Structures are given as C-alpha cells and as structure tokens.
Amino acid sequence: MTVDEKGVSFAGPKKHAWSWQYRDIQQLTLSPDRVTVVTYQDSKLLPGAGRVYRFSGKVPAAELYALLKDR
C-alpha cells in the first residue's frame, strides 16, 4: 500500500490493484493494524452505500495521520 500526496493505492497478490485520488475517498480510517478506505463508488450489494476496502498489517498510523490530517 502506498499513501502519498496524490492519493492511496494498493497492489497485491493475484493482480489485485486499486488506486484512489483523495477526491474519490469518502472516508479513510487509520489504526495501528488496519487501513479502511470507503469510496464514493456504490457497493454492488448496497446501492447508495460507498464501497469499503479493508487492509490489515502493521500501519504507521501516526505518520500517516500527520500526512493526511489536512486533506
């Protein structure tokens, strides 16, 4: 996972890859072991609700918060 001034992106196994600019992210939640991204793109199961992506692992939450707090 990459979080920078342009947005958030993820490239994983099995050719899973996503990328979002900050304007496309409805909510971004940080914790020491998880990052959750809610996009404006509708969920297939719940029309009108944003699509949710959860990523787990060791997260430098304090550093990311400092980068993202003004976005």
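Look above for the structure.
Residues numbered from 1 in each chain as written. Predicted model: local features only at pLDDT ≥ 70, side-chain atom pairs only at ≥ 80, totals over all residues. Heavy atoms only, no water.

Attention shifts here to the overall build of the protein chain. A count of helices and strands for the protein chain gives one helix and six strands. Across the protein chain, helices and strands are ordered from the amino to the carboxyl terminus as β-β-β-β-β-β-α. With the principal axes as the frame, the protein chain shows a C-alpha extent of 35 × 30 × 20 Å. Taking the intrachain contacts of the protein chain between residues at least 6 apart in sequence as the baseline, contacts between residues at least 24 apart amount to 28%. If you sum the accessible surface of the protein chain, you get close to 5,400 Å²; carbon and sulfur atoms cover 52% of it. Averaged over its 11 positive side-chain charges, the protein chain has a centre that lies 8 Å from the centre of its 7 negative ones. (Helix = DSSP H or I, 4+ residues; strand = E, 2+ residues; numbered from the N terminus. Contact = heavy atoms within 4.5 Å. Areas by Shrake-Rupley, 256 points an atom, 1.4 Å probe, with all protein chains shown as cover. Lys, Arg positive; Asp, Glu negative; His and termini not counted. Charge placed at Lys NZ, Arg CZ, Asp CG, Glu CD.)

Another aspect to go through is the sheet that holds strand 4 (residues 25–31). Ordered by their spatial adjacency, three strands build an open sheet running 4-5-6, and the pairing between neighbours is antiparallel. Across the chains shown, the open sheet's two edge strands, defined by having one partner strand only, are strand 4 and strand 6 (50–56). Neighbour-to-neighbour, the strand axes of the sheet open up by a mean angle of 15°, direction not taken into account. The sheet contact formed by strand 4 and strand 5 (residues 34–42) spans six bridges and is antiparallel. By the bridge assignment, Ser31 is partnered in strand 5 with Arg34. (Pairing = 2+ DSSP bridges. Axes fitted to C-alpha atoms, helices over the stretch in contact; angles between N-to-C directions.)

Once that is clear, we can look at unusual backbone geometry. Of note, Lys14 is a non-glycine position whose phi angle comes to about 60°, a positive value. Within the element layout of this structure, Lys14 appears in the loop between strand 2 (7–11) and strand 3 (17–21). Even without glycine at this site, Lys15 takes up a positive phi of about 60°. Along the chain, the position of Lys15 falls in the loop between strand 2 and strand 3.

Right, let's talk about the environment of Val8 for a bit. By the secondary structure assignment, Val8 is in strand 2. With relative accessibility at 1%, the residue Val8 sits in the buried group. Considering only alpha carbons, one finds Val8 and Leu28, 20 residues apart in sequence, at a separation of 9.6 Å. Aside from chain neighbours lying at most four places away, what touches Val8 is Met1, Thr2, Val3, Trp18, Ser19, Trp20, Tyr22, Ile25 and Val37. (Buried < 20%, exposed > 50% of the residue type's maximum accessible area, 1.4 Å probe, protein only.)

Glancing now at the packing of aromatic side chains. All chains considered together, the criterion is met by six aromatic pairs. Grouping aromatic residues by their ring pairs yields a cluster made of Phe10, Trp18, Trp20, Tyr53 and Phe55. (Phe/Tyr/Trp six-rings, centres within 6.5 Å; stacked < 30°, edge-to-face > 60°.)

Scope: geometric values only; no functional claims are made or implied.
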